[in-house]
Structures are given as structure tokens and as C-alpha cells.
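Structural features, examined
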There are 2 protein chains.
Amino acid sequence: MAGTPVWSVDPRTGKQRERVAVEATPREVDQAVRAAHAARGALADRAARIAFLRAAADLLDASVTAVVETADAETALGAGRLTGELGRTTYQLRAVADAVEDGSYLDVRIDRADPALAPPRPELRRYKVPLGVVAVYAASNFPLAFSVPGGDTASALGAGCPVVVKAHPDHPATSELCASLLRRAAEATGLPADVVSVVQGFDAGLELVRHPLVTAAGFTGSVRGGRALFDAAAARPVPIPFHGELGSLNPVVVTPAAAAERAEEIGTGLAGSVTLGVGQFCVKPGLVLVPEGADGDALVGALVKALGETEPGVLLDHRMRENFIAGVRERAALPGVTAPVTPGPGGAHTVAAGCLTVAARGLLAEPEAYGTLLEECFGPVTVLVRYADQGEAAAVLALLPGNLTATLQLSAAECAGAAPEDTTPESAPAARLIGEVTRLAGRVVVNGWPTGVAVAPAQHHGGPYPASTSTSTSVGGTAIERWLRPVAYQSVPDPLLPPELREANPLGLPRLVTGTPAS
Amino acid sequence: MAGTPVWSVDPRTGKQRERVAVEATPREVDQAVRAAHAARGALADRAARIAFLRAAADLLDASVTAVVETADAETALGAGRLTGELGRTTYQLRAVADAVEDGSYLDVRIDRADPALAPPRPELRRYKVPLGVVAVYAASNFPLAFSVPGGDTASALGAGCPVVVKAHPDHPATSELCASLLRRAAEATGLPADVVSVVQGFDAGLELVRHPLVTAAGFTGSVRGGRALFDAAAARPVPIPFHGELGSLNPVVVTPAAAAERAEEIGTGLAGSVTLGVGQFCVKPGLVLVPEGADGDALVGALVKALGETEPGVLLDHRMRENFIAGVRERAALPGVTAPVTPGPGGAHTVAAGCLTVAARGLLAEPEAYGTLLEECFGPVTVLVRYADQGEAAAVLALLPGNLTATLQLSAAECAGAAPEDTTPESAPAARLIGEVTRLAGRVVVNGWPTGVAVAPAQHHGGPYPASTSTSTSVGGTAIERWLRPVAYQSVPDPLLPPELREANPLGLPRLVTGTPAS
């Protein structure tokens, strides 16, 4: 093979497994985008698109052994987790197919002509059309569900947009394998294989976002990488929408009443959420407000015990391991920061989970000095901020940037909306807290943990910057909206309208007729 | 008054009328944004917001004489047009109030918990929350409907976002007057006046888009000004959505069959659309594909006659008049371009309407040389491109940037979907043309004119860049979506939920329950 080789690496040993591809040259990126662009007409066929998404899900399911083996060999995430992730991925592909069949995502609106209005209103019929070729940037931490066959790809294909995926360097072999399965599924349902393809290499990613025929991008990754691509998308002669998920601290607030009621349960649950997937989730709780005093101490004790019992784990690659160790060391060195269980190197290729603590008082006195504590640290660590009263907790929350999630641990009485000193639900402390964290996040969780993002119609996976660079979601029923734009047809004769907008409604789409739901 | 004065100028004479304000200093911009930010809690009251929007509409209607007089004195648009524009403006405010009352814009979705799923699904409840303070940049050409009390302001207030408007220098007195009426309406309905305010001055506009508490911006204006603000919004430490409408050629295609059937009607109608509001509409048809031959000649003849009979008009300011005269001169000097009615200076303060013609053949041979013909020229002029066959017409369309609108003039047989040589509607030339212009525009008009943008649920006023910088609309039922972001609540106890999401649905909102419409 000519060109810069792309190696699949085993993170359990740091050793190269196999050479699976070469980095795409600018010419190859151009070819991939042009081929995708040429395939967009075929993808406009709604029935073919639905069949393709379902065939892709079936083929991935049928290939579970090979996919999970390949993904585990280059990510060390384990067969159990990866089998679950593949299930989530194929569920997602089928959910998008169902959404395309349902058609409500097209938001069809028809306004009848009204000559009695001043000025008279012409007939208007509106739906949404696909934007064109979409660039998808695969995430490191979900080699399936947020990578080649993941949610961005599924929703873009469902919208009718061909996809070129920039593979993540942590799982090039999995990416090539999944791409070949998706392309086979396309051909099996009569679509050109080029409705989806993969390019490898850092430079290829930049070429992609700058390509004139690329019309939108989806990204899941770091603040640094995501912001560079966002900036490139905005600086184009023709700027394009960039839907990026960049970083999130995912704050948790434990109220004194909750700590009094469930210290051990909360501490143990927190440890599980922090160490799930070796702490490599975008929604890992990275900052936890724990009350001072005995109940909070009990919570920390339970957390420390559970973390101490957690086996060291393998991170996705060696650079991440180094960054994790350095990031934890930098934070632990701050004045007043303690490490009841020191996170850091485990064995030669593993890391141990842990936590850091700091007093809210100290952090609030000098917020700039503690800036790194308010930044995401990828890996199995969380920062506990011990607070004296609600004022301190609110002041710490006010320092935080945007987040994907915010979690509250509340007592039973707080959940009932009652506070001892105040019986109006609206002004109860728990309701106030809900309001405070709503400003900070795209998903608010009560008495659960943010890890585990359900694929469901009402899901929202996004949040104020840097959680995401737009107001959209990358998971759930509305993710497809990112890849569409509305078009209104004014006084267009029925035979010339797209079938979606014809009076007889041949596709049976839900629609809003002069403001009223109808079908 | 200290500071740089802001003058209201009479464009009919070029004379200063009165000093109406001073340019806002950075400190004053900061104060306006902070005051707006502080008012956002009050604006969260849905009933107060609805009452306020309706009171604002009533107060503007009651002030019609003063508003129209002031606006006419500094824009020369005439009392008839401005009275109509005020009606459109108050209709828009009331339509937003109705939309807030209806509540479907909140897109409430509830997914019931499903423990039988693998993994089990928690309960999710999602709606949309306001982004925060919105910056609105007023347009020159609509001193009311796209300025202080216009669609951006109305939809942002309806969403629950306080607004700071950067007034347009062409109508500072109208801006101050309208702002005072809106602020009075706010106070009359129990809201702080600072839910809406106005700042004047170019630098104030830049300060505004960079202010940390500004969360989104709406803009209607030129490509140059809009792109500078878009770039500033994207370059912020925390980037914000920038919904800008920058420029549009609004192509028209006249088929040979349409020209054969209605040459005179089309020529006369085109003249009316080009000269409406002295050619100062964002949706003015700026490029018209007219077939070569006798029918096309007859169309041009009718257009030329109607343009020649049009009285010279006053543009919004003297800089625009100079730009129009220079822009027309530059285009007319291109080889092969003729001017059957020369657009340019009328009297000392007016301009005369006109048109330019060029052969598609020449333009296609050297597209770069004719680049200015493919750029919007603000004012009463349009460019006719004479084409020999459908291939030439398609090739010219392929050169165009994005547009707000595209218009087709078709024959009766083409409207019926029938073509002499082909009876399948899908492949008929007219259906093909619809597909070609759908790629180019946000609204497609058949046998009408793009000027006149109905305020209606299905309207879409936006389009591929540079028509707009996002996929959103600034007019119609979905304009409110620009100022909101979704939030999902996971397992949040009913008493702690916002009223919009409570199980009993106290506000009676339409909602999607596990994918099915319910209320």
C-alpha cells in the first residue's frame, strides 16, 4: 500500500495489530465526496432508504461476532459492552427507518389560499428536503454507536443525505468493517454503495469539512478538535451547519437531605457511573457537589470504598492514558485538593479509578486558580466539591460552562415537592435547583445517573456550549432534523408538487393544514 | 446630548431632519444587555407574554398616524405602503401571541418509562426553553416589519427571550418611537420595559454580538455586513446561533410555452415586482431567464414599456442611491450587456427603474467575467438572460448561489403536468425545473411573483447561503424555533417538573406521548 499507513493498535499492549488502510489524500477525499454527492438522487427514494437502514441493521446484527471481536481488539472495551453497543446501534438504525416511514419529521404544513385576507394569502405547502452530503466525525469512545454506523450516520441517511465518515484513529479496522457492511446493505437494497463511505487520517478530516459539496457536519469528540472543525466550517466561503458535541462536566448535586437518606447508595452509584466504560463516557459525572458534614463524609466513604475495589482498566489509546495521568496530577497538585483514592497509572497499560476533593469555599475564593477542575478530564475520575450551604452550591454551579447533563440527588420529601419550611412547590429548594441546572444542561436527571443515554423520541443529547455547538440533539427522535432544510411551495400546481405535498397525500404523511393537525 | 449624534435624514432631500439619539457606548450596550438579561425571569410568564404581544400590537395600531408619518419622513416609502407594513407588523405580533397560546412550538414529547426494554428506558419529558437575550439587527428596507417591532423581535419575545435591537441608521426616529411603544406595552402588562430596548450605532452592533450574555442573533441586511456579524458570532469564546438573511438574486425562469401564452402579462407583472418599493425588497426578482425569439422579445417589450412608464423613486438613503447607480453602470459596461431602459439617476434624489439583458451563451462562455450579474443589485433593476434551450437555462441556474425564492412562469399545459412529448408527470420539463430550483431556494413560486411574503404557518423565508446563514425562517409559523433549545427531564418527579411537562397537562399543550400525538 502506498501513502501513510493507518494501523490498528491493541491498547492492552500498545502493539500494532495490522495495517488496515492508508490515510486519504486530498484527491481521495474529493473522490469520496463527489461519489456521495452523485448518490444523493438514489437516496431520495424513501422506500429504498427505509429498506437500506433495516438491511444495514440486520447485516450488522448478523455480523456481531466479527464486529465485536474487531472492536474489542482495538478498543479494549470488552465483548459485553460492545455487544450491547451494537444492539443500541442497530436499534438506532431501525428507529430512524421507522421515523422515515412515519414522516412527521418532514413537518408538512399546508396553508390554503385565503383571498379574503388583506393582502390575500396564496397557497403555501412546506416540507423539508435533505441538505446534501454530510461529513460525520466518529467518536473515540463509541466505536459503533457514535462512529461509522452510529447515530449521526443513521439520521443523515434517514434524512436522505449521503455520508462520508472520518474514521477515528482508535478503531480503523472496526470502521472499515462497518463501512463495508453498510455499503453491502446499500447495494443489496438497490442503492449505490457510495451513499456511505469512510476516510482515514487527520488531514482528511479537515479536507472534508472544507469541501464545497459537503453541506453539514456531525462531530463527537474533544473541545480542541471540535472547535477547530467548527471554526473551519464557519470560515468557509459558504458556511455549513456544524453539529458538534465537544465536552461536558455533567455536574451532580447531592442535597443534604438526600445525603442523610441515602449516603451509601449514592456513593456506590456514583462510583459505578464514573467508572463505566473506564470513565470514557461524554456523560460521565465529572463534578459532584457533596454537602459538608457527616452525611457527606459517609457518601465519600462509600464512593472511596467502591472506587478502591474497581479493577484498573485500559483506556482507548496510550495518548489518552498519558493525558489522563497528567490531567489528574495537575488537578491533584492544586492547593487544598486531596485524593482519597488516587487515580492514575494502574499496570503498564492500565489506569486506576479515583476521585479528588476540594472545598467549595476555596474554589469560590479563587475560581481562576481552580479552572482545570471545571474542565472535563476524560477517564475514571471525578471531582467532589464539598459545600457548606445552598448559597455555595449555587455559586459553584454558576461558574460552570454548558453541559450535556445535570443530575440531582434528592430526598423523598424533596421529590414530593415539599420542603419543611415552605409548602409552595414552586419555591421549594428542589424546584429551584431544577431551574438552576436547566440553565446549564440539555438533560436533567433526578435520582439516577447520567450515563446511559436512552434512544427514544423525547431524548435530548446536547446542551449549551461546549456540550454542543448547536441547539440540536445527536440522539433520539429529533436528531434527523439536523440534516434538513424547509422549502415552501407557493401556488404550485398539484401535478408538479413532490408527492409529500400533494393534495391527495399519497404517502399518508401527518400534516398541519392551515394550523390544524390532519392527515 | 453628549456622544456621537444620530440624525434622522429625509432621503427626498438628503437633509437632516432631527437629532434623535446618540450612538451607544460599549458601556451603554452592556447596560442594555444586562437589563434585558435581568428581565428574562419576568418574560418566562406565558400569560404575561401573550398579553404583552397583543398590547404591543394594539398600541402600534392606535399609533398608526405618528408611526407612518415618522417612517415616511425618513424612508420615503410612502404612507400607503407603510400603513400596510404596520398592519403586517401587528398581524405578526398577534400571530406569535396565538402561537404561544397554542404551544405546539414547544414540541413537548413524553416517553413513558419502559422497564421491559434492554436496557430499560427511564421516563423522559422534553420541551424547549428560551435561549436568553437575543440581538436583533434591523433591516433598512422594512422600517417596521423587519425592524424594532418586526418578526425577529416578535418571535424572540414570544419564545421568552428579551431583545436588544440594533436600529438601522436609515430610520432612527421610527426605531425610537416603536421601541417606546413596545416598552409602554410591556409596562402596561406588568412586564419590565427592558424586555425590549434599542441601541444605535455601527460599533454598538458589533459590541452586541460579542456580549457574553447575548445568546443568539437575528439579522436582515447585506452580505457584507451580515457576514461580518456572522463571523463575529462564530468567533466568540462561546459561539452563538446567528440567523442572518444576507442576499438573494431570486431567479425567475420563463418557459418558451409560458412566453408564447402570456408574454405581455409576464412582462408587465415582472415590471411591477421589480419596482415594488423602488426595488428595495430582499425578494425582488434580480435575474430572469427569458427564451430567445419572438415570444421572449414580446415579453421584454412589455417589460420595457412598463418600466419606462414607472415614475422615478427615492431610495432609502443617498449611499444606496450611489451604490445603485454605480452597480448598474458596472453591469451595463460588461461586453454584450444592453440596457433597453437604462436604470440610473432620475432627479437629484431619485432613481429611474430599468433592466439589462445578456445572452446566456456569452455568460456561460465566461462566467467569471459576468460575476456581478449573479450578485444582488439593490434597487429597481433586473437582469434578463436570454436562453436558446433548456440546457442553457439549466446551466445558468447551476451558476447561482443560494436564494430566498425561485419563480417559474409556466404554460397552462405545463401546469397540468403534461408535456407534448412526454406524459409522465415526473419527467415532464416543468417538474424537472421544480426540482432544479428547489435546490437553489427556500420558496418556489409558480405563475406569481416572489415579492409579498405571506405571514402564515407554512411560510419559509430563508434559503441556502447567502440567502440565509442557517436553515431557519424569519417569517411564518416556525420563526419562533430559532430562539429555543430543547431540554429533556429524566425521572423528574411530577411536582418538580415545569408546568408544561406535568402529567396532568395543566396548560393543555399538544404533546407527543411515546411517539403518538395526545393532549
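Look above for the structure.
So, here is what we can say about the structure in this document. (Residues numbered from 1 in each chain as written. Chains lettered and ligands numbered in written order. Predicted model: local features only at pLDDT ≥ 70, side-chain atom pairs only at ≥ 80, totals over all residues. Heavy atoms only, no water.)

Scanning chain A from N- to C-terminus turns up 16 helices and 21 strands. Here chain A has a C-alpha radius of gyration of 25 Å; the compact-globule value for 519 residues is 24 Å, and the two agree. Projected onto the principal axes, the alpha-carbon positions of chain A cover approximately 75 × 70 × 40 Å. The buried share of chain A, taken over its 519 residues, is 60%. Partitioning the intrachain contacts of chain A with sequence separation of at least 6 by distance along the chain shows that 76% fall at a separation of at least 24. Carbon and sulfur atoms form 57% of the exposed surface of chain A, whose accessible area is close to 18200 Å². (Helix = DSSP H or I, 4+ residues; strand = E, 2+ residues; numbered from the N terminus. Rg over C-alpha atoms; globule rule 2.2 N^0.38 Å. Buried < 20%, exposed > 50% of the residue type's maximum accessible area, 1.4 Å probe, protein only. Contact = heavy atoms within 4.5 Å. Areas by Shrake-Rupley, 256 points an atom, 1.4 Å probe, with all protein chains shown as cover.)

Let us look at the interface of chain B and chain A. Contact with chain B, which involves 68 residues of that partner, is made by 68 residues of chain A. Taken together, the two surfaces of chain B and chain A that pack against each other cover about 5100 Å², and 59% of this comes from carbon and sulfur. Inspection of the chain B/chain A interface yields zero salt bridges. Our enumeration of links across chain B and chain A arrives at 26 residue pairs in polar contact (both at pLDDT 80 or more). At the level of secondary structure, the elements contributing two or more residues to the side of chain B that touches chain A comprise strand 3 (108-111), strand 4 (124-130), helix 9 (223-235), helix 15 (412-415), helix 16 (429-438), strand 18 (441-446) and strand 19 (484-490) of chain B. Class assignment of the residues belonging to the side of chain B that touches chain A gives a composition of 41 nonpolar, 11 polar and 16 charged. Looking at chain direction, strand 19 (residues 484-490) of chain A and strand 18 of chain B are connected through three bridges and run parallel. (Buried area = accessible area lost by both parts, 1.4 Å probe. Salt bridge = Lys/Arg side-chain N within 4 Å of Asp/Glu carboxyl O. Polar contact = N/O pair within 3.5 Å; in protein donor to acceptor, adjacent residues only side chain to side chain. Nonpolar A, V, L, I, M, F, W, Y, C, P; charged D, E, K, R; others polar. Pairing = 2+ DSSP bridges.)

Least-squares fitting of chain B to chain A yields an RMSD of 0.0 Å, with the transformation described by 0.0 Å of translation along the axis and a rotation of 180°. Each copy turns onto its partner about a two-fold axis. No C-alpha of chain B approaches the rotation axis more nearly than that of Ala234 of chain B, which lies at 3.3 Å. Of all interface residues in chain B, 100% are interface residues in chain A too; the two copies therefore contact each other through one and the same surface. (Least-squares fit on C-alpha atoms with pLDDT ≥ 70 in both.)

Residues and elements named next belong to chain A. Along the chain, Thr342 falls in the loop between strand 12 (338-341) and strand 13 (344-345). As for Thr342 and Ala145, which are separated by 197 residues in sequence, their C-alpha atoms are 31 Å apart. Once residues lying within four places of it in the same chain are set aside, the contact partners of Thr342 are Ala353 and Gly354.

Moving on to the sheet that holds strand 17 (residues 403-409) of chain A. Taken together, the 12 strands give an open sheet; going across it, the order is 12(A)-15(A)-16(A)-11(A)-10(A)-17(A)-18(A)-19(B)-4(B)-3(B)-20(B)-21(B), and neighbouring strands pair in mixed fashion. The outermost strands of the open sheet, each flanked by one partner alone, are strand 12 of chain A together with strand 21 (516-518) of chain B. With strand direction ignored, the average angle separating the axes of adjacent strands in the sheet is 25°. Pairing geometry for strand 3 of chain B and strand 4 of chain B, over three bridges, is antiparallel. Looking at the pairing, Arg109 of chain B lines up with Arg126 of chain B of strand 4 of chain B. (Axes fitted to C-alpha atoms, helices over the stretch in contact; angles between N-to-C directions.)

Moving on, we get to the pattern of salt bridges. Residues and elements named next belong to chain A. Scanning all chains against the criterion turns up 45 salt bridges over all chains. Of the charged contacts, one joins Asp152 and Arg482 as a salt bridge, the two residues approaching to 2.9 Å between their closest N and O atoms. You can see Asp152 sitting in helix 6 (residues 151-159) and its partner Arg482 sitting in the loop between strand 18 (441-446) and strand 19, a full 330 residues away along the chain. Asp152 sits in the buried class, given a relative accessible area of 8%. Connected through shared salt-bridge partners, Arg112, Glu123, Arg125 and Glu503 make up one network.

This part takes up the sheet that holds strand 9 (residues 242-245) of chain B. Residues and elements named next belong to chain B. Strand order in the open sheet made by the five strands is 7-6-5-8-9, with parallel pairing throughout. With partners counted over all chains shown, the strands left at the sheet margins are strand 7 (196-199) and strand 9, one partner each. With direction set aside, neighbouring strand axes in the sheet form an average angle of 15°. Bridging between strand 6 (residues 163-166) and strand 7 involves four bridges; their strand directions are parallel. Its bridge partner being in strand 7, Val163 is matched across the sheet by Val196.

Residues and elements named next belong to chain A. For strand 5 (residues 133-137), the buried fraction is high: five of the five residues fall into the buried class. Side chains of strand 5 alternate between two faces, with Val133, Ala135 and Tyr137 and Val134 and Val136 buried alike. Of the strand pairs in this sheet, strand 5 and strand 8 (residues 214-220) are connected by five bridges, and their pairing is parallel. Across the sheet, residue Val136 finds its bridge partner in strand 8, namely Gly218. Note: strand 5 against strand 6 (residues 163-166), four bridges, orientation parallel. The partner of Tyr137 across the bridge, within strand 6, is Lys166. Regarding the hand of the β-α-β motif, the stretch spanning strand 5, helix 6 and strand 6 is right-handed. (Right-handed = clockwise from strand over helix to strand, strands pointing away.)

Residues and elements named next belong to chain A. Following both chains from N to C, one finds helix 8 (residues 202-210) and helix 9 (residues 223-235) inclined at 30°, their axes separated by 9 Å at the closest point. As the angle between them shows, helix 8 and helix 9 are arranged roughly parallel. Read as a crossing pair, helix 8 and helix 9 show a hand that is right-handed. Each of Gly205, Leu206, Val209 and Arg210 in helix 8 lies in contact with helix 9, whose residues at this interface are Leu229, Ala232 and Ala233. For the contact of helix 8 with helix 9, the per-class residue count stands at five nonpolar, one polar and one charged. (Parallel < 35°, antiparallel > 145°, perpendicular 65-115°, else oblique. Left-handed = near helix turned anticlockwise from the far one by under 90°.)

Turning to helix 14 (residues 390-399) of chain B, a few remarks are in order. Residue and element names in this part refer to chain B. Here helix 14 has its buried residues at Glu392, Ala393, Val396 and Leu397. Projected down its long axis, helix 14 shows its buried positions confined to an angular sector of 135°, all on one face. Looking at the packing, one finds that the buried side of helix 14 touches strand 10 (251-254), strand 11 (287-291), helix 13 (360-365), strand 16 (381-387) and helix 16. Here helix 14 starts with a cap whose side-chain oxygen sits 3.1 Å from the backbone nitrogen of Gly391, and that cap is Asp389. (Arc of directions from axis to C-beta.)

The subject of this paragraph is the packing of aromatic side chains. Residues and elements named next belong to chain A. On inspection of all chains with the given rule, the structure shows 12 aromatic pairs over all chains. A ring pair is formed by Tyr127 and Tyr489, whose centres lie 6.3 Å apart and whose planes are at 45°; its orientation type is tilted. Separated by 362 residues along the polypeptide, Tyr127 in strand 4 (residues 124-130) and Tyr489 in strand 19 bring together distant segments of the chain. Each member of the pair, Tyr127 together with Tyr489, is buried. (Phe/Tyr/Trp six-rings, centres within 6.5 Å; stacked < 30°, edge-to-face > 60°.)

All names here are of chain A. Summed over all chains, the structure comprises five cavities of 30 Å³ or more. In this structure, the largest cavity encloses a volume near 90 Å³. Lining the largest cavity are 14 residues, and of these Leu249, Lys284, Gly286, Glu376 and Cys377 lie nearest its centre. Here the lining of the largest cavity takes three residues from strand 16 (residues 381-387), the largest share from any one element. (1 Å grid on protein atoms, 1.4 Å probe; cavity = no way out; pocket = protein on both sides within 12 Å on 5 of 7 lines; lining within 4 Å. Points joined across faces, edges and corners; volume = space filled by probe spheres on them.)

Read these as geometric descriptors, not functional statements.
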